[in-house]
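This is what each chain is made of:
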Amino acid sequence: MVEFKDVSVKYSSGVDALNKINLKIEDGDFAFVVGPSGAGKSTLIKLVLKEIDATSGEIVVNGFNLNKLRRRKIPALRRTIGVVFQDFRLIPTMTVYENVAFVLRVIDAPAKYIRSRVPYVINLVGLSNKAKSYPTELSGGEQQRVALARALVNDPKLIIADEPTGNIDPALSYEIVGLLKGINECGTTILMVTHEHDLVRHFGGRIININSGNIAFDEYIGGSNED
Amino acid sequence: MKISSMRYLVHQGFKGIWKNRMMSFASFCIMLVSLLMVGISVLLALNINRIIGGIEEKSEVVVQIADGISDADREQLKNNIGALPNVNTIEFYSKEKAWQNMMENMTAEERALFDYADDNPLPDTFRLTVHEIKKMTETTTQIETFPNVETTRSPTAFADTLISIRRVLGIISGAIVLALIIVCLIIISNTTRASVFARRKEINIMKYVGAKNSFIRIPFFIEGMVVGVLAAAGALALTKFAYEGVYAIFNDDFTLWSVLGVSNLYPFEDLFPYVAASYAIAGAVIGAVGTSFSTGKHLNV
Ligand SMILES: Nc1ncnc2c1ncn2[C@@H]1O[C@H](COP(=O)(O)OP(=O)(O)O)[C@@H](O)[C@H]1O
Ligand SMILES: [Mg+2]
C-alpha cells in the first residue's frame, strides 16, 4: 500500500515538483500515472523509493513510514519494491540469468532458492531460451522483460515502472503491460508511469493524471480491450 | 551472511582488481615501496639498538684513582660511585694487577723495555659498566667531581655516533612513515574511486533492490585488502633479500666490528615472523582503510 498525505516536493533549484498531493494505492491495485513531461511523475516514484525526501507531508509505503525511516532501514523498504526503468539498467557484463540472480544475491537469499527461483521468473517473462545471452544480444522489448524478471524475482509487494515502454517499439509495449497485468492478477500492486495514452486507453483501470505537480484526475476508466 | 554470498563478494573483489588493473598495480607499487622503507628503517633501528646494547654490556669506564690514598677513602669512593644510578657494576683494579696484566700481554722484546723500571707507573683504577650508554658522559662528569678521582676514560665516541644515528633515523623514518601512509591512502582511495566508477551500474541497481551499504562495500574492501597483502608479500621478499645481503657483508667483516665491541646483527630467521605479520597487517589495514574513504560518500543509499 502506498499513501501520500499533503506531500510537496520543492527541489533545491526552486522548482515546485509536487504540490500537496494526496493519494492512496491499495494492495493489489494497478494504477497508471500519466501526465505531460515535467509534471512530477518521476518525482512521485523517487519519493516512494525514498531516493528523495518530501519537503512536507507524510508518506507510507508497504507499512514503512518514510518520514521516520532511518537511512539504514532503506534497504528493508526497497526489498518490498521491484523497479523497472525506461532505460532497462541491465548490467552489460552479466548474462540474463546473472542479471536476475544478482538481485537475490544482494538480499542474501539461499543459493538453493536462487537456483529454482531465477529460471522460474525468466520463464514467466518468456525468455527461457535467452537465459545465457547478454543484454546487448537482446532486443529492447526482451531487455525490458529481463528488467521485469529482475523486479519480480524477490516477490515484491509493489512493482514500480517508470515509463517502461518509453524505449521500445509500440507493439512490444503492449506485451510489457500485458505482463504487468498478469503479475498484478497474482496480487502484486503495480504503479506504472507512462505518457502513452493509447496504452492507457487500451488497458484501462485506475488513471492518476498529474499536471504541474497537482493531481488533475484520479479515476477508473474502462479499457478498450475489455469491450 | 551466506557462504554463497560471501563467495560472490570475494569473487567481485578479485574481479575488481583485474578490471581496474592499472590503478591496482599503482596501489600495489606504492604500498610495496612504503612497506619496504618502513620495514627497513625499523630493522635498522632494531639492529642499532642491539649494537648499542652490546656496547653497553662490554664498554668499561675506567676511573683513575689518586695515588696513595687510604683503603678507607678508596672504599668510600667505591661506594659513592656504585651509588650512582647509571652505574651497573664496579670493580677495583689494582695497579699491581694492571702491571701484571700488561706484562703478560707483551712480547719479550717489549717487556725488555720496561726492565729498568722498578717502579710501577700504572695507577689504581675502578672499572665500571653502565646501564645506559647515552648517559655515560653525564655519569663520568659526576664521577670526576668526587674527591680522589684523577681522571676518567670512557669509549663514548662510537656509542655517541650510534646514538645520534639512531635519533636521526627515528626522526627521518617517522616523517617518511607519515608521508607514505598519506600517499598510500590517497592512491588507494583513488583506485577505489575508479573501481566504484567502473561498477557504477551494478551499484546503482544494488541500491534499488535493497542492498545494504556493507554489502556494496565489501568487494571494495576485499580489493583493497588483497592488493595490500600482495604488496606485503612483495615487500617481505625484497626485505629478506636486502637484509640477508647486508647480513652476509657484516658477517664476513665481523672481526672488524667486534673490535669495536659490536655484536652481530639479528639473523633474518629470528625476525621473519614479526616482519611478515607486521607487513601483512599493515598492508591489509591500509588497503581496507584506503577504500573506505572513497566508498563512504559514493555508496550511500
Ligand atoms: N533533481 C532535480 N533537481 C531539480 N529539479 C528537478 C529534479 N528532478 C526533476 N526536477 C524538476 O521537477 C519537475 C518534475 O520532474 P519529474 O518528476 O522528473 O517529471 P516527469 O517525470 O513527470 O517528467 C520538472 O520541472 C523537473 O525539471
Ligand atoms: Mg519522468
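The residue numbers shown here count from 1 along each chain, following its written sequence. Working convention: letters from A go to chains and numbers from 1 go to ligands, in the order in which they are written. Note on the predicted model: pLDDT of at least 70 is required for a residue's local features to be given, and 80 or more for side-chain atom pairs to be given and counted; whole-chain, interface and lining totals, by contrast, use all residues. Where side-chain values are given, they derive from all heavy atoms of the structure, hydrogens and water being excluded.

**A word on the overall build of chain B**
Line of reasoning, step 1. Helix and strand definitions follow DSSP, with helices as H or I runs of at least four residues and strands as E runs of at least two, each counted in order from the N terminus. Broken down by element type, chain B carries 11 helices and four strands.
Line of reasoning, step 2. Computed over C-alpha atoms, the radius of gyration of chain B comes to 31 Å, more than 25% over the 19 Å expected from 2.2 N^0.38 for 301 residues, which places it beyond the range of a compact globule.
Line of reasoning, step 3. For chain B, the C-alpha atoms occupy an extent of roughly 105 × 40 × 30 Å along the three principal directions.
Line of reasoning, step 4. Sorting the 301 residues of chain B into buried and exposed places 41% on the buried side.
Line of reasoning, step 5. Contacts: residue pairs with any heavy atoms within 4.5 Å of one another. Put simply, of all contacts in chain B between residues at least 6 apart along the chain, 84% involve residues at least 24 apart.
Line of reasoning, step 6. Values of accessible area rely on a 1.4 Å probe in the Shrake-Rupley scheme; residue burial ignores everything except the protein chains shown. Of the roughly 16200 Å² that chain B leaves accessible, carbon and sulfur atoms contribute 64%.
Line of reasoning, step 7. Under the convention used here, Asp and Glu are negative, Lys and Arg are positive, and both His and the chain ends fall outside the count. Working definition for charges: the position is that of NZ of Lys, CZ of Arg, CG of Asp or CD of Glu. Side-chain charges in chain B split into 27 positive and 28 negative, and the spacing between the mean points of these groups amounts to 32 Å. Here the globule rule reads 2.2 Å times residues to the power 0.38, and the radius of gyration is calculated from C-alpha atoms. Partly exposed describes any residue whose relative accessible area lies between the buried limit of under 20% and the exposed limit of over 50%, with all areas from a 1.4 Å probe on protein chains only and scaled to the type maximum.

**Re the sheet that holds strand E5 (residues 64–65) of chain A**
All names here are of chain A.
Line of reasoning, step 1. Pairing between strands is defined by DSSP: at least two bridges between them are needed. The antiparallel open sheet is built from four strands, whose spatial order is E2-E1-E4-E5. Bordering the open sheet on either side are strand E2 (16–25) and E5, each of which pairs with just one other strand.
Line of reasoning, step 2. Inspection of the sheet shows strand E1 (residues 2–10) paired to strand E4 (residues 56–61) by five bridges, in the antiparallel sense. Paired with phenylalanine 4 across the two strands is isoleucine 59, which belongs to E4.

**Quick word on the sheet that holds strand E7 (residues 158–162) of chain A**
Residues and elements named next belong to chain A.
Line of reasoning, step 1. Reading across the sheet, the six strands line up as E6-E7-E8-E3-E9-E10 and stay open at both edges, with mixed pairing between neighbours. Strands at the two margins of the open sheet, each flanked by one partner only, are strand E6 (81–84) and strand E10 (214–221). With strand direction ignored, the average angle separating the axes of adjacent strands in the sheet is 15°.
Line of reasoning, step 2. One ladder, built from four bridges, connects strand E3 (residues 30–34) with strand E8 (residues 189–193); its direction is parallel. Following the sheet pairing, valine 33 is matched in E8 by valine 193.
Line of reasoning, step 3. For every element, the axis is a line fit to its C-alpha atoms; helices are fit only across the contacting stretch, and the angle between N-to-C directions ranges from 0 to 180 degrees. Against the sheet, helix H5 (residues 140–152) engages E6 and E7, with an angle of about 170° to E6.

**Structural notes on the packing of helix H3 (residues 96–106) of chain A against H5 of chain A**
Residues and elements named next belong to chain A.
Line of reasoning, step 1. As a packed pair, H3 and H5 sit with axes 8 Å apart at the nearest point and diverge in direction by 25°. Relative to H5, H3 is oriented roughly parallel. Judged by the twist between their axes, the crossing of H3 over H5 is right-handed. Where H3 abuts H5, its residues Val96, Asn99, Val100 and Val103 lie against Val146, Ala149 and Arg150.
Line of reasoning, step 2. Each residue receives one of three labels: charged for Asp, Glu, Lys and Arg, nonpolar for Ala, Val, Leu, Ile, Met, Phe, Trp, Tyr, Cys and Pro, and polar for the others, Gly being one of them. Grouping the constituent residues of the contact of H3 with H5 by class yields five nonpolar, one polar and one charged. In this scheme, roughly parallel covers angles under 35 degrees and roughly antiparallel covers those over 145, while 65 to 115 is roughly perpendicular and the rest are oblique. Handedness of a crossing is defined here by the sense of rotation of the near helix relative to the far one, left-handed for an anticlockwise turn of less than a right angle and right-handed for a clockwise turn.

**Regarding the nonpolar core**
Line of reasoning, step 1. Joining through side-chain atoms within 4.5 Å is the link that ties buried Ala, Val, Leu, Ile, Met, Phe, Trp, Tyr and Cys residues into a set, and such a set is a nonpolar core. Counting 61 residues, the largest nonpolar core has Phe32, Val100, Phe102, Val118, Leu180 and Met192 of chain A as the members making the most contacts within it.
Line of reasoning, step 2. Within the second largest apolar cluster, 44 residues are counted, among which are Leu32, Phe126, Ile133 and Leu162 of chain B.

**Observations regarding the site of ligand 1**
All names here are of chain A.
Line of reasoning, step 1. Taken together, the neighbourhood of ligand 1 is formed by Tyr11, Ser13, Val15, Ala17, Pro36, Ser37, Gly38, Ala39, Gly40, Lys41, Ser42 and Thr43.
Line of reasoning, step 2. Between ligand 1 and lysine 41 there is a distance of 2.8 Å, counted from an oxygen atom to a backbone nitrogen or oxygen.
Line of reasoning, step 3. Its free accessible area being 560 Å², ligand 1 has 65% of it covered by the protein chains.
Line of reasoning, step 4. With three residues, helix H1 (residues 41–48) is the largest single contributor of residues to the shell around ligand 1.
Line of reasoning, step 5. Broken down by class, the residue content of the shell around ligand 1 amounts to five nonpolar, six polar and one charged. Residues are counted as near a molecule or strand when any one of their heavy atoms sits within 4 Å of it. Polar contacts here mean pairs of N or O atoms no more than 3.5 Å apart (in protein, one a potential hydrogen donor and the other a potential acceptor; neighbouring residues in sequence count only if both atoms are side-chain atoms).

**Brief notes about a nonpolar patch on the surface**
Line of reasoning, step 1. Without a salt bridge and with relative accessible area above 30%, a residue can belong to a patch; like charges are then joined within 9 Å and nonpolar side chains (Val, Leu, Ile, Met, Phe, Trp, Tyr) within 5 Å. Basic side-chain nitrogens of Lys or Arg form a salt bridge, by our definition, when they fall within 4 Å of a carboxyl oxygen of Asp or Glu. On the surface, Ile281, Val285, Val289 and Phe293 of chain B cluster together into a nonpolar patch covering about 370 Å² of accessible area.
Line of reasoning, step 2. Look at valine 285 of chain B and you get partly exposed, because its relative accessible area is 45%.

**Section: the interface of chain A and chain B**
Line of reasoning, step 1. Taken together, the 24 residues of chain A in the interface contact 18 residues of chain B.
Line of reasoning, step 2. The term buried area denotes the loss of accessible surface (1.4 Å probe radius) that occurs when two parts are joined, taken as the sum for both partners. Of the roughly 2100 Å² buried between chain A and chain B on both sides combined, carbon and sulfur atoms contribute 62%.
Line of reasoning, step 3. Broken down residue by residue, the surface that chain A buries against chain B is led by Arg78, Val106 and Asp108 of chain A, which jointly contribute 28%.
Line of reasoning, step 4. Applying the counting rule to chain A against chain B returns zero salt bridges.
Line of reasoning, step 5. Where chain A packs against chain B, one counts four residue pairs in polar contact (both at pLDDT 80 or more).

**A few points about the domain arrangement of chain B**
Residues and elements named next belong to chain B.
Line of reasoning, step 1. By the assigned domains, chain B splits into domain 1 (3–56 + 160–299) and domain 2 (60–154).
Line of reasoning, step 2. Here domain 1 and domain 2 have C-alpha centroids that lie 51 Å from each other.
Line of reasoning, step 3. At the junction of the two partners, domain 1 supplies four residues and domain 2 supplies five residues.
Line of reasoning, step 4. Taken over both partners, the interface formed by domain 1 and domain 2 buries close to 440 Å², and the fraction arising from carbon and sulfur atoms is 59%.
Line of reasoning, step 5. Here domain 1 is connected to domain 2 by zero salt bridges.
Line of reasoning, step 6. The interface formed by domain 1 and domain 2 includes zero residue pairs in polar contact (both at pLDDT 80 or more).
Line of reasoning, step 7. Of all the elements, helix H2 (residues 21–58) adds the most residues to the side of domain 1 that touches domain 2, at three residues. What marks off one domain from the next here is an automatic or database domain assignment.

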